[in-house]
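Listed here are the chains, written in short residue letters.
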Amino acid sequence: MAHYTVIGLVVLSSSCLQGSIGFGLGMITAPVLVLLRPDLLPSALLLLAVLTSLTAFLRERSDVDWALVGWGLLGRLPGIAVGTAAVVLLPQTGLSILLALTVIGGVAFSLVGWSPAATNRNMAFASGVSGIFGTATSIGGPPIALVLRSLDPSPMRSTMSAYFTLGTILSLTGLTLSGEVTTTHLTAAATLLPFMIVGLWLSNFVIRRADRRLLYRIAVCASIVGALLVIGEAGLALLRG
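These figures come from a predicted structure and were not determined experimentally.

Before going further, it helps to spend a moment on the confidence of the model for the chain. Overall, the predicted model of the chain reaches an average pLDDT of 91, with 99% of residues at or above 70. Per-residue pLDDT, averaged within each element of the chain, yields its smallest value for helix H10 (residues 212-240) (87) and its largest for helix H4 (residues 66-89) (97).

What follows concerns the pattern of salt bridges. Enumeration according to the criterion identifies four salt bridges in this entry. A salt bridge links Glu60 to Arg157, with the nearest nitrogen and oxygen atoms 2.6 Å apart. Of this pair, Glu60 sits in the loop between helix H3 (43-59) and H4 while Arg157 is found in helix H8 (residues 153-177), placing the two residues 97 residues apart along the sequence. The residue Asp211 makes a salt bridge to Arg213 at a minimum N-O spacing of 3.8 Å. Judged by relative accessible area, which is 38%, Asp211 ranks as partly exposed. Salt bridges here are not isolated pairs; linked through shared partners, they connect Arg59, Glu60 and Arg157.

On to helix H1 (residues 2-21). Given a rise of 1.5 Å per residue, 20 residues ought to cover 28 Å, and the 29 Å separating the end C-alpha atoms of H1 matches this to within 8%. For H1, the full list of buried residues reads Tyr4, Ile7, Gly8, Val10, Val11, Ser14, Ser15, Cys16, Leu17, Ser20 and Ile21. Taken together, the buried residues of H1 touch helix H2 (25-36), H3, helix H9 (183-209) and H10. In the stretch just after H1, Gly22 is the one whose phi turns positive, near 95°.

Here we come to the packing of H1 against H10. Between H1 and H10, the least distance of the axes is 10 Å, while the angle of their chain directions is 135°. Classified by the interaxial angle, the pair formed by H1 and H10 is oblique. H10 is crossed by H1, and the crossing has left-handed handedness. Contacts between H1 and H10 pair Leu17, Ser20 and Ile21 from the former with Arg212, Leu215, Tyr216 and Ala219 from the latter. Grouping the constituent residues of the contact of H1 with H10 by class yields five nonpolar, one polar and one charged.

Tallying each qualifying case throughout the model produces four aromatic pairs. Ring plane angle 70° and centroid distance 5.7 Å describe the contact between Phe23 and Tyr216, whose orientation is recorded as edge-to-face. With Phe23 in the loop between H1 and H2 and Tyr216 in helix H10, this pair connects stretches of sequence that are 193 residues apart. The buried category is assigned to Phe23, whose relative accessible area is 17%. A relative accessible area of 25% means that Tyr216 is categorised as partly exposed. Centre to centre, the rings of Tyr163 and Phe164 are 5.0 Å apart; their planes meet at 75°, and the pair counts as edge-to-face. For the pair shown, Tyr163 and Phe164 are each scored as buried.

Parameters at a glance
- Residues numbered from 1 in each chain as written.
- Predicted model: local features only at pLDDT ≥ 70, side-chain atom pairs only at ≥ 80, totals over all residues.
- Heavy atoms only, no water.
- pLDDT = per-residue confidence, 0-100.
- Helix = DSSP H or I, 4+ residues; strand = E, 2+ residues; numbered from the N terminus.
- Salt bridge = Lys/Arg side-chain N within 4 Å of Asp/Glu carboxyl O.
- Buried < 20%, exposed > 50% of the residue type's maximum accessible area, 1.4 Å probe, protein only.
- Expected span 1.5 Å × (residues − 1).
- Contact = heavy atoms within 4.5 Å.
- Axes fitted to C-alpha atoms, helices over the stretch in contact; angles between N-to-C directions.
- Parallel < 35°, antiparallel > 145°, perpendicular 65-115°, else oblique.
- Left-handed = near helix turned anticlockwise from the far one by under 90°.
- Nonpolar A, V, L, I, M, F, W, Y, C, P; charged D, E, K, R; others polar.
- Phe/Tyr/Trp six-rings, centres within 6.5 Å; stacked < 30°, edge-to-face > 60°.

Right under this line is the structure:
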């Protein structure tokens, strides 16, 4: 129960950052889950993520580029197959290291200034990568954000929320078919859902009062610290094993 309290507070904080600056839920929460409850990944966090994306989509659905979403979902399918296979076949230590590297890679993606054109081909390719890492680790946002950030703000937010709502459902479908979504994951997601709702609600106030650059730095630092702790824990497990 103590673990759930700690995880819940992390979900609350990271959801607040997610609602304020557009990322934080997966990048911050996933490493904490690896350290405290690795059995909940990736399915429990994906269940929370799909609700976050759906909320954003219902709020900003008027400017969706459905062609990009369609090509993205098509490109995501093979990535989901690879990501699901990784969850089924890789040992826990291997998945932990993969998740940590995904977090660090996500931070690098967010810092890079290069922005490829939002073409159907680029979206399909980025979605393949997103499907692999999003399904295996619950962190699939950075490649899509890299492609879509060349759009105007409103179409970018709308298209991204539509893509991740449908894409995460597809990832959960693949995991369900492979037996990786259980009542434990559903119960954990239901238990953590109130924390996420409160965090998203608080973001409405935080976004008007806090310095977005400061929040961004906090999210990046927390993500990197979490990833390094996961790598350290995985290294110790390998030494013990």
